[in-house]
Amino acid sequence: MTEPVAPTSRPAGAPRRGRPPKAQAQLSRGAIQAAALTVIDADGIAGVGMRSVSRVLGVDAKSLYHHVESKDDLLDAVAEHLLAQLRIPRPTDSIEHDLRAMAHEFRRVTLAHPEAATLVLTRQLSSLTGLAPIESILAVLRRTGREPRAAVHLLRTVMATLVGTLLREVSAGPTFGTTDPDGIAERERTLRNSGLPEVAAAAGQLARFDREREFEYTLELIVDIALSRPVRARSAGTE
């Protein structure tokens, strides 16, 4: 028979002094990224904060600062987490095919978490994860015969066009059309009665928003620009 153990004041189930709670001990940047994305999916980007993320993880908010420096760093971490899901298509001998494949993959990742779309589309990341898509697109654009400066100009034009289209898609509302028949009819009547001749003439089209067709139109535009004859940029100060 062993001697009785002296009672302690430590509540049952409480962690021993000097040891962090199990959830805190297993905390990592990856776990924080996933928890932040859970918050965004439920409450949008505005709902993200150290407290909301820590509640999902079951840890003290202060413990997150061992892995992320600030809320801004936390949002960058989520963007990196999403971009890491990109499966860069294997290059082929077709510039058009490769541009289309990368655009579709970018769209897939963006639409997987619509509430986080602005993070994927607008955050400037300097990590390898953030730069990998840029490297892939530049590689394709360089195959059009453009030197680096021209390829960068074209890259920015392509990305602005693609990002704008995807932002419109994830936030499509009355301004860009609707899929509800009653809503379409009401919107069309409003546009026809706007008193603006061009808007009234295009009311039937403005009242509708077909995501697939809009995206395909964007791809056609991107491919046409990429395969067009390179434009020689003017030097600064030239007329």
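Along each chain, the written sequence defines residue order, and numbers are assigned to residues from 1. Note on the predicted model: pLDDT of at least 70 is required for a residue's local features to be given, and 80 or more for side-chain atom pairs to be given and counted; whole-chain, interface and lining totals, by contrast, use all residues. Here the side-chain values reflect all heavy atoms present in the structure, with hydrogen atoms and water set aside.

Things to note about the overall build of the chain
Applicable threshold: Put simply, DSSP marks the helices as runs of H or I at least four residues long and the strands as runs of E at least two long, and each gets a number from the N terminus on. We call a residue buried when its accessible area falls under 20% of the maximum for its residue type, exposed when it is over 50%, and partly exposed in between, using a 1.4 Å probe and counting protein chains only. Only heavy atoms enter the contact rule, under which two residues are in contact if any of them lie within 4.5 Å. Per-residue and other accessible areas follow the Shrake-Rupley method at a 1.4 Å probe size, with only the shown protein chains counted as cover for residues.
Along the chain, the regular secondary structure elements total 12 helices and 0 strands. Starting at the N terminus and ending at the C terminus, the chain contains elements arranged as α-α-α-α-α-α-α-α-α-α-α-α. Within the chain, the fraction of its 239 residues that count as buried is 34%. For the chain, restricting intrachain contacts to residue pairs at least 6 apart in sequence, the fraction spanning at least 24 positions comes to 66%. Per element, the accessible surface of the chain, about 15,400 Å² overall, is 53% carbon and sulfur.

Quick look at the packing of helix α2 (residues 29–43) against helix α4 (residues 71–83)
Put simply, the rule is: With axes taken as lines fitted to C-alpha atoms, and helix axes fitted only over the stretch in contact, angles between N-to-C directions fall between 0 and 180 degrees. Any angle that falls under 35 degrees is termed roughly parallel, while one over 145 is termed roughly antiparallel, one within 65 to 115 roughly perpendicular, and all others oblique. Under the convention adopted here, Pro, Cys and the residues Ala, Val, Leu, Ile, Met, Phe, Trp and Tyr are nonpolar, Asp, Glu, Lys and Arg are charged, and Gly plus all remaining residues are polar.
Orientation of α2 relative to α4, taken along the N-to-C sense of each, is 90 degrees, at an axis distance of 9 Å. Judged by the inter-axis angle, α2 sits roughly perpendicular to α4. Of α4, the residues touching α2 (which contributes Arg 29, Ile 32, Gln 33, Ala 36, Leu 37 and Ile 40) are Asp 73, Leu 74, Ala 77, Val 78, Glu 80, His 81 and Leu 82. For the contact of α2 with α4, the residue count by class is 8 nonpolar, 2 polar and 3 charged.

Details of the pattern of salt bridges
What counts is decided by this rule: We define a salt bridge as a side-chain nitrogen of Lys or Arg found within 4 Å of a carboxyl oxygen belonging to Asp or Glu.
The full count for this structure, using the stated rule, is 13 salt bridges. Residue Arg 107 pairs with Glu 169 through a salt bridge whose shortest N-O separation is 2.7 Å. Remark: Glu 169 occurs in helix α8 (residues 148–170) and Arg 107 occurs in helix α5 (residues 95–112); sequence separation between them is 62 residues. For the pair Arg 107 and Glu 169, a shared accessibility class is recorded, and that class is buried. Here the salt bridges do not stand alone but share partners, grouping Glu 96, Arg 100, Glu 216 and Glu 220 into one network.

Observations concerning helix α12 (residues 211–227)
Formally: The length a helix should cover is 1.5 Å for every residue beyond the first. As used here, the arc belongs to the directions running from the helix axis to the C-beta atoms.
Helix length check: α12, at 17 residues, gives a terminal C-alpha distance of 24 Å against a target of 24 Å (1.5 Å per residue), a fit within 8%. Regarding α12, the residues found buried are Phe 215, Thr 218, Leu 219, Ile 222, Val 223 and Ala 226. Here the buried residues of α12 occupy an arc of 135 degrees about the axis, which is enough to place them on one side. The exposed residues of α12 that point more than 90 degrees off its buried face are Arg 213, Tyr 217 and Asp 224.

Quick notes on α5
The α-helix winds at 3.6 residues per turn, so residues separated by three or four positions along the chain end up facing the same way. If you check α5, its first and last C-alpha atoms are 26 Å apart, about what 18 residues at 1.5 Å a residue would give, namely 26 Å. Buried residues of α5: Ile 95, Asp 98, Leu 99, Arg 100, Met 102, Ala 103, Glu 105, Phe 106, Arg 107, Val 109 and Thr 110, and no others. Buried residues in α5 make contact with α4, α6 (117–122), α7 (128–142), α8 and α12.

Points about the nonpolar core
Rule in force here: Think of a nonpolar core as a cluster: buried Ala, Val, Leu, Ile, Met, Phe, Trp, Tyr and Cys residues, connected wherever their side-chain atoms sit within 4.5 Å.
With 48 residues, the main nonpolar core has Val 53, Leu 64, Leu 74, Phe 106 and Leu 141 as its most contacted residues. If you list the elements that add at least two residues to this core, you get α2, α3 (50–57), α4, α5, α6, α7, α8 and α12. In terms of residues, this core owes the most to one element, α8, which gives 8 residues. Sequence-distant contacts of Phe 106, defined by excluding residues within four places in its chain, comprise Leu 83, Leu 86, Val 120, Leu 121, Met 159, Leu 162 and Leu 166.

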